[in-house]
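As a plain string of letters, each chain reads:
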Amino acid sequence: VRIRSGIVVQIIKLEKNRKYLQWLKTHQCFWCNRPGVDPHHLTIEGQTRRSRDAGNAIPLCRSCHSTMHDKPMLEKQYMETFKLKAQELWEEYNKL
């Protein structure tokens, strides 16, 4: 069986994303400071799909996560702040 290098890279990326998202769940909700058990992937501007890149997520509690999905204009209003926090957390994780 021959595995293409692109598939191996995808598997490594998925594993790194999984570990990062588990780490992210140990943080407080960015919105209300309750336990942030639901990583929220931010919407990429101009796209309806959300990026699954690990560094494009912030920790939210279940309630705030639901609110972000129910009120997309709220996410849009605070997107720059969310992006800065997501980048800060990604950099912190990569220093470990």
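Below: a short report on this structure.

Calculation criteria
Residues numbered from 1 in each chain as written. Predicted model: local features only at pLDDT ≥ 70, side-chain atom pairs only at ≥ 80, totals over all residues. Heavy atoms only, no water. Salt bridge = Lys/Arg side-chain N within 4 Å of Asp/Glu carboxyl O. Helix = DSSP H or I, 4+ residues; strand = E, 2+ residues; numbered from the N terminus. Buried < 20%, exposed > 50% of the residue type's maximum accessible area, 1.4 Å probe, protein only. Polar contact = N/O pair within 3.5 Å; in protein donor to acceptor, adjacent residues only side chain to side chain. Contact = heavy atoms within 4.5 Å.

Observations regarding the pattern of salt bridges
As a working rule, side chains carrying opposite charge can pair if their charged atoms are close by.
Reasoning step 1: Taken as a whole, this structure holds three salt bridges when the rule is applied.
Reasoning step 2: Arg62 is the salt-bridge partner of Asp38, the closest N and O atoms lying 3.2 Å from each other. Separated by 24 residues along the polypeptide, Asp38 in strand 1 (residues 38-41) and Arg62 in helix 2 (residues 62-70) bring together distant segments of the chain.
Reasoning step 3: For Asp38, a relative accessible area of 12% gives the class buried.
Reasoning step 4: With a shortest N-O distance of 4.0 Å, Lys83 and Glu80 are connected by a salt bridge. Here Lys83 and its partner Glu80 are both found in helix 4 (residues 79-94), three residues apart, which amounts to about one turn of the helix.

Some thoughts on the environment of His69
Reasoning step 1: Mapped onto the elements, His69 comes out in helix 2.
Reasoning step 2: Residue His69 is classed as partly exposed on the basis of its relative accessible area, which comes to 41%.
Reasoning step 3: Here the alpha-carbon distance between His69 and His40, two residues 29 residues apart in the chain, equals 9.3 Å.
Reasoning step 4: Only 3.1 Å separates the side chain of His69 from the side chain of His65, close enough to count as a polar contact.

A few points about the environment of Cys29
Reasoning step 1: Relative to the elements of secondary structure, Cys29 occurs in the loop between helix 1 (5-24) and strand 1.
Reasoning step 2: Linking Cys29 and Pro59, residues 30 residues apart in sequence, is a C-alpha distance of 5.2 Å.
Reasoning step 3: Beyond its immediate chain neighbours, meaning those up to four positions away, Cys29 contacts Arg34, Pro35, Gly36, Pro59, Leu60, Cys61 and Cys64.

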